[in-house]
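# Architecture at a glance
Each chain, letter by letter, is given below.
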Amino acid sequence: MTGYGLVLGGGGARGLAHIGVWRVLEEAGIKPTVLAGTSMGGLVGAFIAAGYSGAELEKISASVSWRRLVDWRPGTGLIRVSAFESWLSQHLPATFEELPLPLAVTATDVLTGRGVYLSRGNLLTALRATTAYPGALEPVPIGEMLLSDGGVLNQVPVDAALFLGVRKVLAVDVTAPSPLELHGRRVLLWRREAHLGPVQALRRAVEIMQAQLTDARLSLYRPDILLRPVLGDVDLQNFNRSAQAIEAGRNAALAELPRIHTLLGSAGTD
């Protein structure tokens, strides 16, 4: 297959940076042949695969109540799941097969401990599964599997895009917010000021594991271009900073645009 794959990593509100990346690629006419994503990256990828422009996605991001739809604070999550499904059904087709572009999203089977690619059948259920953040939303049963957030094992699924048949890949990693890097006096001050509690500590532990695992997987499945937007203090829950996240994605893509043109420009689709 000619063309390239656009891979969008998980990261909660940080994943809104993908919208900024998409706007730059779209404006440059460098459109992907296939998409792959995890968690928030899978959700944004589904909208791109469905044909939404960057401008449309930015409007949706600004108008939607993200906390009502994908609030990852601990709780039953039942109301959020219902609202999320209803919202998805208003904007996206019911199945992967109805998408104009091929899409794969990742999930984690909590029964077997294995990563799973979802690229066929019920799209809305697959998006529920890839965004089912551990401890906040219940895993989603599909067949004999019980699926949770794909970022547990595969935060930036370059291999999923290769599985769909492309040879060139542009990946976007929004895994860890830079102010939480665990070194230096600044972080110790941050921890005191923020009163890091057990939930935040658990979330941070997950992020550390995801970052380490992501680096390991990217060393095995190397994208042709890897973008890591500088997101500052945008955290998993900071959907009120969508404009900041989108701008960070746009800046990251613009900084690499000459290289993107060189490596992927001839591989894109019109």
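Residues numbered from 1 in each chain as written. Predicted model: local features only at pLDDT ≥ 70, side-chain atom pairs only at ≥ 80, totals over all residues. Heavy atoms only, no water.

Under an unreviewed UniProt entry, the protein chain has the name Patatin and belongs to Deinococcus puniceus.

Scanning the model with the defined rule gives ten salt bridges in all. Residue Glu58 is joined to Arg23 by a salt bridge in which the shortest nitrogen-to-oxygen separation is 2.9 Å. Of this pair, Glu58 sits in helix 3 (residues 54–63) while Arg23 sits in helix 1 (residues 17–27), placing them 35 residues apart in sequence. For Arg23, a relative accessible area of 24% corresponds to the partly exposed category. Between Asp215 and Arg228 there is a salt bridge, with its nearest N and O atoms 2.7 Å apart. (Salt bridge = Lys/Arg side-chain N within 4 Å of Asp/Glu carboxyl O. Helix = DSSP H or I, 4+ residues; strand = E, 2+ residues; numbered from the N terminus. Buried < 20%, exposed > 50% of the residue type's maximum accessible area, 1.4 Å probe, protein only.)

There is a patch of nonpolar side chains on the surface, built from Leu162, Leu220 and Tyr221 and spanning about 300 Å² of accessible area. If you trace the backbone, Leu220 turns up in helix 9 (residues 198–220). (Patch = residues over 30% accessible without salt bridge, like charges linked within 9 Å, V, L, I, M, F, W, Y side chains within 5 Å. Areas by Shrake-Rupley, 256 points an atom, 1.4 Å probe, with all protein chains shown as cover.)

Time to look at the nonpolar core. Ranked by size, the top nonpolar core spans 60 residues in total, and within it Leu6, Leu43, Trp87, Leu92, Leu103, Leu118 and Leu170 carry the most contacts. Considering every element that reaches this core, the biggest residue donor is helix 2 (residues 40–49), with seven residues. Listed in part, the 13 residues of the second largest apolar core include Val7, Val158, Val169 and Leu218. (Core = buried A, V, L, I, M, F, W, Y, C linked by side-chain atoms within 4.5 Å.)

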